[in-house]
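# Structural overview
Below are the chains, spelled out letter by letter.
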Amino acid sequence: MSKILLIDDEPSIRDALKHLFQSEGYEVALATSAAEGLAAVNTNDFQVVVTDWKMPNDSGMDVIKSLRASQPRLPVILMTGHDTPVAAIEATKLGAYDYIRKPGTPEEIPELLDLVAKAVANSRRMSEPVELGNATHVGDAIVGSSRVMQDVYKQIGRVAATPITVLIRGETGSGKELVARAIYQHSQRAGRPFIEVNCAAIPETLLESELFGHERGAFTGAHQRRIGRFEQAHQGTIFLDEIGDMSANTQAKLLRVLQDRHIQRLGGRETIETDVRVIAATHRNLEEAMRQSTFREDLYYRLNDALITLPPLRERREDIPELVRFFIRRYSAELGSSQPSMPEPDAIAYLQEQTWPGNVRELRNVIRESLLLARDAPITREIVERLLAQKTPGRTTGDQSMAGYVAQLLAKAKRGELENVHAALTEIVERELYSQALRLAGGDQSKAAGWLGVSRPTMRDKLLKYGFHPSQDES
Ligand SMILES: Nc1ncnc2c1ncn2[C@@H]1O[C@H](COP(=O)(O)OP(=O)(O)OP(=O)(O)O)[C@@H](O)[C@H]1O
Ligand SMILES: [Mg+2]
């Protein structure tokens, strides 16, 4: 269970927030002053600290300063009054995870809960170790002992201890984020913050300010200074996920930061030294992007110093049995069944024949669903076959190209096994299209609908039809 430390001098606030957090399933410890809170941190393991700013004898700022020095990985959220932007900015500069206005009305509560949930996830990402090679517990691990994965582990070991920039490439679901975390955890900066920025999830116009910050008045709507992630991550590690989706402008700025090791906030003249280790990842084909001039070559060569390429699952099918056993252990524990139901050998064989366009994430989802269907009995080939057929009608085990699909469906029609090739093919394409668009839009249905040029109702219908839940992922 995640544990929150709440520091506030006002009994009524302590009480209200305590109940709120508890009803969300958190364990809550209370402190009435910064000094008391800091003492509690020394003897307890918290995932996040939520502190009031102004207290009679000390302030939330003391908590931030002190924890930045002693426990830099523990996220601190500062609750400010209603007119304290300066304190808020100062707080992020000092290393606070974020700040928020103390909720005064029920409408403001979801925002606080959201922020706390994010901070907890962040805290876990930093502190939950990613095991390499074989998993001895049900926590996070990069599983697989194939030759190609052994190489990946070696590369992680080689780059982790150095301060160099690393680029992680690989298809969707192949484990890029896990590798980024493993590098961080094995680096000399493991005790410092790890800050993740998903470049595809933030609108282009906001990404620069998110990364580098801005001064008041830098652009319309910039009412106050903002500290960017690079400045916040000082002495730590920043993970730029989906870097292939960054606009040309932002790429140019990033290149300069990597070369000069300092930043300028948007609209500011001050040069700010930053000592940040950069790890980047993308599933995009950067060579293709460079040919189309959407990715800068100079940035590519800068990032290419240390490159880790994750092999797709279909190129390491020998890892599948191990992965299956790992996910069964993990999800049986989650489902509360003590006797994990190991799959029948021909179920494993069938899983090994698949091409897994969604890689380990897809395999993970299939195993999780199989466990639900199998209950406590072993997973059979019939179960996994049915699940996979549902996911991709007309799914092939060999050629995944469009021509391959078409040929297969037409052959089926010729044999009289399929009546409406047109509908079947449309379904395959639509399913892929909607699922990718939704994922890329970070679950934002309006955004995805906009990209596809379809109406919101159409979007909703398709999502229902194909059984997508806006957030399909736990990670
Ligand atoms: N080798 C592996 N062993 C165990 N679990 C793995 C492995 N690779 C990936 N996973 C799991 O699969 C899921 C997807 O992995 P991850 O988020 O790292 O993929 P990704 O490459 O970042 O994908 P995307 O490009 O879609 O962001 C996660 O739940 C992760 O824990
Ligand atoms: Mg990822």
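Conventions used here
- Residues numbered from 1 in each chain as written.
- Chains lettered and ligands numbered in written order.
- Predicted model: local features only at pLDDT ≥ 70, side-chain atom pairs only at ≥ 80, totals over all residues.
- Heavy atoms only, no water.
- Helix = DSSP H or I, 4+ residues; strand = E, 2+ residues; numbered from the N terminus.
- Buried < 20%, exposed > 50% of the residue type's maximum accessible area, 1.4 Å probe, protein only.
- Polar contact = N/O pair within 3.5 Å; in protein donor to acceptor, adjacent residues only side chain to side chain.
- Phe/Tyr/Trp six-rings, centres within 6.5 Å; stacked < 30°, edge-to-face > 60°.
- Lys NZ or Arg CZ within 6 Å of the ring centre and 35° of its normal.
- Near = heavy atom within 4 Å.
- Areas by Shrake-Rupley, 256 points an atom, 1.4 Å probe, with all protein chains shown as cover.
- Domains from an automatic or database assignment.
- Pairing = 2+ DSSP bridges.
- Axes fitted to C-alpha atoms, helices over the stretch in contact; angles between N-to-C directions.
- Parallel < 35°, antiparallel > 145°, perpendicular 65-115°, else oblique.
- Left-handed = near helix turned anticlockwise from the far one by under 90°.
- Contact = heavy atoms within 4.5 Å.
- Nonpolar A, V, L, I, M, F, W, Y, C, P; charged D, E, K, R; others polar.
- Buried area = accessible area lost by both parts, 1.4 Å probe.
- Salt bridge = Lys/Arg side-chain N within 4 Å of Asp/Glu carboxyl O.
- Arc of directions from axis to C-beta.
- Expected span 1.5 Å × (residues − 1).

What follows covers the side chain of D140. Along the chain, the position of D140 falls in the loop between β6 (131–133) and β7 (141–143). The exposure class of D140 is buried, given its relative accessible area of 16%. Of the polar contacts made by the side chain of D140, one reaches the side chain of R330; its length is 2.9 Å.

Moving on to the packing of aromatic side chains. Summed over all chains, the structure comprises seven aromatic pairs. Plain terms: the ring middles of Y184 and F194 are 4.8 Å apart, the flat faces sit at 35 degrees to each other, and that makes the pair tilted. Note that Y184 is positioned in helix α7 (residues 176–185) and F194 in strand β9 (residues 194–198), a separation of 10 residues in sequence. An angle of 55 degrees between the planes, with centres 5.3 Å apart, marks the rings of F326 and F327 as tilted. Exposure remark for F327: the relative accessible area of 5% places this residue in the buried category. Members of the aromatic cluster, joined through ring pairs, are Y184, F194 and F239. Geometry around Y331 places R368 over its ring, the cationic atom sitting 5.0 Å from the centre.

Residues in close proximity to ligand 1 total 19 residues, the closest being V143, T172, K176, R364 and R439. Between V143 and ligand 1, the recorded distance is 2.8 Å, taken from a backbone N or O atom to a nitrogen atom. Measuring from an oxygen atom of ligand 1, one finds a backbone N or O atom of S174 at 3.3 Å. For ligand 1, whose unbound accessible area comes to 630 Å², protein coverage reaches 96%. For the shell around ligand 1, the elements supplying multiple residues, two or more each, are β7, α7, α13 (320–335) and α15 (359–374). Split by domain, the shell around ligand 1 shows at least three residues from each of two domains, domain 2 (131–311) and domain 3 (314–391).

Turning to the pairing of strand β15 (residues 277–282), a few remarks are in order. Taken across its six residues, β15 has six buried, putting it largely inside the fold. Residues R277, I279 and A281 line one face of β15 and the alternating positions V278, A280 and T282 line the opposite face, and both faces are buried. Sheet topology note: the strand β8 (residues 166–169)/β15 ladder contains four bridges and is parallel. Within β15, the residue paired with I168 across the bridge is A281.

Relative to the elements of secondary structure, N57 occurs in the loop between β3 (48–52) and α3 (60–70). Linking N57 and D9, residues 48 residues apart in sequence, is a C-alpha distance of 9.5 Å.

Axis separation between helix α6 (residues 147–160) and α7 bottoms out at 9 Å; the angle between their running directions is 40 degrees. One element, α6, and the other, α7, form an angle in the oblique class. As α6 packs across α7, the resulting crossing turns out to be right-handed. The segment α6 lies against α7, with I156, V159 and A160 engaging V179, A182 and I183. When grouped by side-chain class, the residues that make up the contact of α6 with α7 number six nonpolar, no polar and no charged.

Moving on, we come to the domain arrangement of the protein. In terms of domains, the protein is made up of domain 1 (3–127), domain 2 (131–311), domain 3 (314–391) and domain 4 (401–475). Listed per partner, the contact involves 14 residues of domain 1 and 18 residues of domain 2. In total, about 1400 Å² of surface goes out of reach between domain 1 and domain 2, with carbon and sulfur atoms giving 45% of it. At the boundary of domain 1 with domain 2, the tally comes to one salt bridge. A salt bridge links R125 to E196; the nearest nitrogen and oxygen atoms lie 2.9 Å apart. There are eight residue pairs in polar contact (both at pLDDT 80 or more) connecting domain 1 and domain 2. Breaking the side of domain 1 that touches domain 2 down by element, the ones donating at least two residues are α4 (85–94) and α5 (109–127).

Here we take up helix α16 (residues 381–391). Those residues of α16 lying buried are I383, V384, L387 and L388. One side of α16 carries all its buried residues, which in axial view fall inside an arc of 125 degrees. In this structure, α16 carries E382 and Q390 as exposed residues pointing more than 90 degrees from its buried face. Those residues of α16 hidden inside the fold are in contact with α14 (345–353) and α15.

Once that is clear, we can look at α6. Between its terminal C-alpha atoms α6 stretches 20 Å, which fits the 20 Å expected from 14 residues at 1.5 Å a residue. Next to the buried residues of α6 lie β6, β7, β8, α7, β15 and β16 (306–309).

With that out of the way, let us pick up the packing of α13 against α15. Contact geometry for α13 and α15: axes closest at 9 Å, N-to-C directions at 50 degrees. With respect to α15, the element α13 is oriented oblique. α13 and α15 meet at a crossing whose hand is right-handed. Contacts from I320, L323, V324, F327, I328, Y331, S332 and L335 in α13 reach V360, L363, R364, I367, R368, L371 and L372 in α15. For the contact of α13 with α15, the residue count by class is 12 nonpolar, one polar and two charged.

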